[in-house]
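Listed below, chain by chain, are the residues.
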Amino acid sequence: MTALIMSDGKTSILPGRSGVFGLMSDAFWRHPKLLLFLMLTPPLLWLGIIYIGSLVALLLQSFFSIDDFSGLVNYEFTLSTYAQLLSPTNFDIIIRTLVMAALVTVASALIAFPIAYYAARYAQGKWKALFYLGVMLPLWSSYLVKIYAWKLILAKEGILTWIFEKLHLAWLLDGILGLPVIGGNSLSVSYLGTFIVFVYVWLPYMILPTQAALERVPGNLIEASADLGATPRQTFRTVLLPLALPGIVAGSIFTFSLTLGDYIIPQIIGSSRLFIGQAVYAQQGTAGNVPLAAAFSVVPIVIMALYLWLAKKQGAFDAL
């Protein structure tokens, strides 16, 4: 039997519904926590076993070592694998990746802010729809197609070189490619080319959170700042930027973390010097050194844990 509370406060006893679905519905009505348990159990099992379980297994692998003679994994607890990360070659890989991730994040923020500001303050109707279409359209195409397209664009025989030649600026391109560290034979095999492609691929993830944060900034605050005699620069520094900062930090979570772990872009566009993602791939696949690959994998996890902690203090999660 099922109790039903009427509008006049009286209780009406109705017969229970027949059939499997009727019995289940009655049971869930009497025990709402049972329904919540059944709904949450599958995703929690997936998260706990597949995701967290794999991370724990990865962490455990990093505390093992590889036998130099046999090439087999030595299942004895040791920190020697982490000590290998401090060797000059491996430490350079970590620093190189961190610097690239930081530069890509800063460049994405500088490019995204004026675009997001225009979309939040001035774009209306079809122009705002066009803005969202323009930002989201690159995300609809294949990741690999975009990278290989950029490889053709940045190649020595590519359209970018052709444009420089037509503008009689080939000397400028040659001077850029001649710079130490960032230069190379062409943009497609240089750090500068890697940087350009990283910024292009991850830029939408910076624009959208920044635009969402700017839309939440009340327009009367900007007007009040101007009425009180603040210059545009002062208004930007003291009003607009602090209120938009959570969105910028939220976008930086994506750009920084995605650059930190990416191994495909540096593999296709860039020099032969490795990034963390490439090192993990090489150690796990080619070299067969799973403990060192696991130790390399722990590095971005630790870095992002610290980064997310700092981002949370800035209120970035409210802008996601």
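Quick caveat: nothing in here was measured; it's all calculated off a predicted structure.

1. Re the pattern of salt bridges
(1) Moving on: Counted by the stated rule, this structure contains one salt bridge.
(2) Moving on: With a closest N to O distance of 2.5 Å, Glu-215 and Lys-128 form a salt bridge. Here Lys-128 lies in helix 5 (residues 126-140) and Glu-215 lies in helix 9 (residues 191-215), a separation of 87 residues in the sequence.

2. Quick word on the packing of aromatic side chains
(1) Moving on: Counted by the stated rule, this structure contains 15 aromatic pairs.
(2) Moving on: Plain terms: the ring middles of Phe-63 and Phe-77 are 5.1 Å apart, the flat faces sit at 20° to each other, and that makes the pair stacked. You can see Phe-63 sitting in the loop between helix 2 (32-62) and strand 3 (65-66) and its partner Phe-77 sitting in the loop between strand 4 (73-74) and helix 3 (80-84), a full 14 residues away along the chain.
(3) Moving on: Accessibility expressed as a relative area gives 66% for Phe-77, which makes it exposed.
(4) Moving on: Seen in terms of ring centroids, Phe-113 and Tyr-117 are 6.5 Å apart; in terms of plane orientation they differ by 10°. Their pairing is stacked.

3. Let's talk about the packing of helix 5 against helix 9
(1) Moving on: Packing of helix 5 against helix 9 leaves a shortest axis separation of 8 Å and a crossing angle of 150°. As far as their axial angle goes, helix 9 and helix 5 are roughly antiparallel. Crossing of helix 5 over helix 9 shows left-handed handedness. Across the interface between the two elements, Lys-128, Phe-131, Tyr-132, Val-135, Met-136, Pro-138 and Leu-139 of helix 5 pack against Tyr-200, Pro-204, Tyr-205, Ile-207, Leu-208, Gln-211 and Glu-215 of helix 9.
(2) Moving on: Considering only residue class, the contact of helix 5 with helix 9 consists of eleven nonpolar, one polar and two charged.

4. Some thoughts on the nonpolar core
(1) Moving on: With 20 residues, the main nonpolar core has Val-104, Leu-154, Val-197, Phe-198, Ile-265 and Ile-269 as its most contacted residues.
(2) Moving on: Counting only elements with at least two residues in this core, the list comes to helix 4 (88-121), helix 6 (143-154), helix 8 (170-177), helix 9 and helix 12 (264-268).
(3) Moving on: Among all residues touching Ile-269, those that are not within four sequence positions of it are Ile-147, Trp-150, Lys-151, Leu-154, Leu-187, Ser-188, Gly-193, Thr-194 and Val-197.

5. Concerning the side chain of Thr-235
(1) Moving on: As for its position among the elements, Thr-235 is in helix 11 (residues 232-261).
(2) Moving on: Judged by its relative accessible area of 9%, Thr-235 is buried.
(3) Moving on: In this structure Thr-235 touches Ile-222, Ser-225, Ala-226, Ala-230 and Leu-240, once residues within four positions along its chain are discounted.

6. Side note on helix 5
(1) Moving on: If you check helix 5, its first and last C-alpha atoms are 20 Å apart, about what 15 residues at 1.5 Å a residue would give, namely 21 Å.
(2) Moving on: The largest bend along helix 5 reaches roughly 25° and is located at Gly-134, with the proline Pro-138 sitting one to four residues downstream.
(3) Moving on: Residues of helix 5 that are buried include every one of Lys-128, Phe-131, Val-135 and Pro-138, and no others.
(4) Moving on: Contacts made by the buried residues of helix 5 are with helix 4, helix 6 and helix 9.

7. Some points on helix 6
(1) Moving on: Compared with the 16 Å implied by 1.5 Å per residue over twelve residues, the 17 Å span of helix 6 between its first and last C-alpha is a close match.
(2) Moving on: Listed in full, the buried residues belonging to helix 6 are Lys-146, Ile-147, Trp-150 and Leu-154. One side of helix 6 holds all its buried residues, which, seen down the axis, span an arc of 95°. Across from the buried face of helix 6, at angles greater than 90 degrees, the exposed residues are Val-145 and Leu-152.

8. So, the side chain of Thr-78
(1) Moving on: Assignment of secondary structure puts Thr-78 in the loop between strand 4 and helix 3.
(2) Moving on: Of note is the side chain of Thr-78, whose polar atom sits 3.1 Å from the backbone nitrogen of Ser-80.
(3) Moving on: With residues up to four places along the chain from it excluded, the contact list for Thr-78 reads Phe-63, Phe-64 and Ser-65.

9. Thoughts on unusual backbone geometry
(1) Moving on: Look at His-168: it is not a glycine, yet its phi comes out positive at around 60°.
(2) Moving on: In this fold, His-168 is placed in the loop between helix 7 (159-166) and helix 8.

10. Quick notes on a nonpolar patch on the surface
(1) Moving on: Taken together, the side chains of Leu-35, Leu-36, Met-39, Leu-40, Leu-44, Leu-47, Tyr-51, Ile-52, Leu-55, Val-56, Leu-60 and Ile-301 present a nonpolar region at the surface, about 1,100 Å² in accessible area.
(2) Moving on: Sort the elements by how many residues they give to the nonpolar patch and helix 2 lands first, with eleven residues.
(3) Moving on: Note that Tyr-51 resides in helix 2.
(4) Moving on: Given a relative accessible area of 48%, Tyr-51 falls into the partly exposed group.

11. Focus: the environment of Leu-173
(1) Moving on: Within the secondary structure, Leu-173 sits in helix 8.
(2) Moving on: Taking the C-alpha atoms as reference points, Leu-173 and Gly-183, separated by ten residues in sequence, lie 9.8 Å from one another.
(3) Moving on: When near neighbours in sequence (up to four residues on either side) are disregarded, Leu-173 contacts Thr-161, Phe-164 and Leu-187.

12. Digging into the packing of helix 11 against helix 14 (residues 290-313)
(1) Moving on: Taken N-terminus to C-terminus, the directions of helix 11 and helix 14 make an angle of 175°; their axes are 11 Å apart at the nearest point. When the interaxial angle is binned, helix 11 and helix 14 end up roughly antiparallel. Contacts between helix 11 and helix 14 involve Val-249, Ser-252, Ile-253, Phe-256, Ser-257 and Leu-260 on the former and, on the latter, Pro-300, Ile-303, Met-304, Tyr-307, Leu-308 and Ala-311.
(2) Moving on: Across the contact of helix 11 with helix 14, the residue classes tally to ten nonpolar, two polar and no charged.

Criteria and cut-off values
- Residues numbered from 1 in each chain as written.
- Predicted model: local features only at pLDDT ≥ 70, side-chain atom pairs only at ≥ 80, totals over all residues.
- Heavy atoms only, no water.
- Salt bridge = Lys/Arg side-chain N within 4 Å of Asp/Glu carboxyl O.
- Helix = DSSP H or I, 4+ residues; strand = E, 2+ residues; numbered from the N terminus.
- Phe/Tyr/Trp six-rings, centres within 6.5 Å; stacked < 30°, edge-to-face > 60°.
- Buried < 20%, exposed > 50% of the residue type's maximum accessible area, 1.4 Å probe, protein only.
- Axes fitted to C-alpha atoms, helices over the stretch in contact; angles between N-to-C directions.
- Parallel < 35°, antiparallel > 145°, perpendicular 65-115°, else oblique.
- Left-handed = near helix turned anticlockwise from the far one by under 90°.
- Contact = heavy atoms within 4.5 Å.
- Nonpolar A, V, L, I, M, F, W, Y, C, P; charged D, E, K, R; others polar.
- Core = buried A, V, L, I, M, F, W, Y, C linked by side-chain atoms within 4.5 Å.
- Expected span 1.5 Å × (residues − 1).
- Bend = angle between axes of the 7 residues up to and from the residue.
- Arc of directions from axis to C-beta.
- Polar contact = N/O pair within 3.5 Å; in protein donor to acceptor, adjacent residues only side chain to side chain.
- Patch = residues over 30% accessible without salt bridge, like charges linked within 9 Å, V, L, I, M, F, W, Y side chains within 5 Å.
- Areas by Shrake-Rupley, 256 points an atom, 1.4 Å probe, with all protein chains shown as cover.

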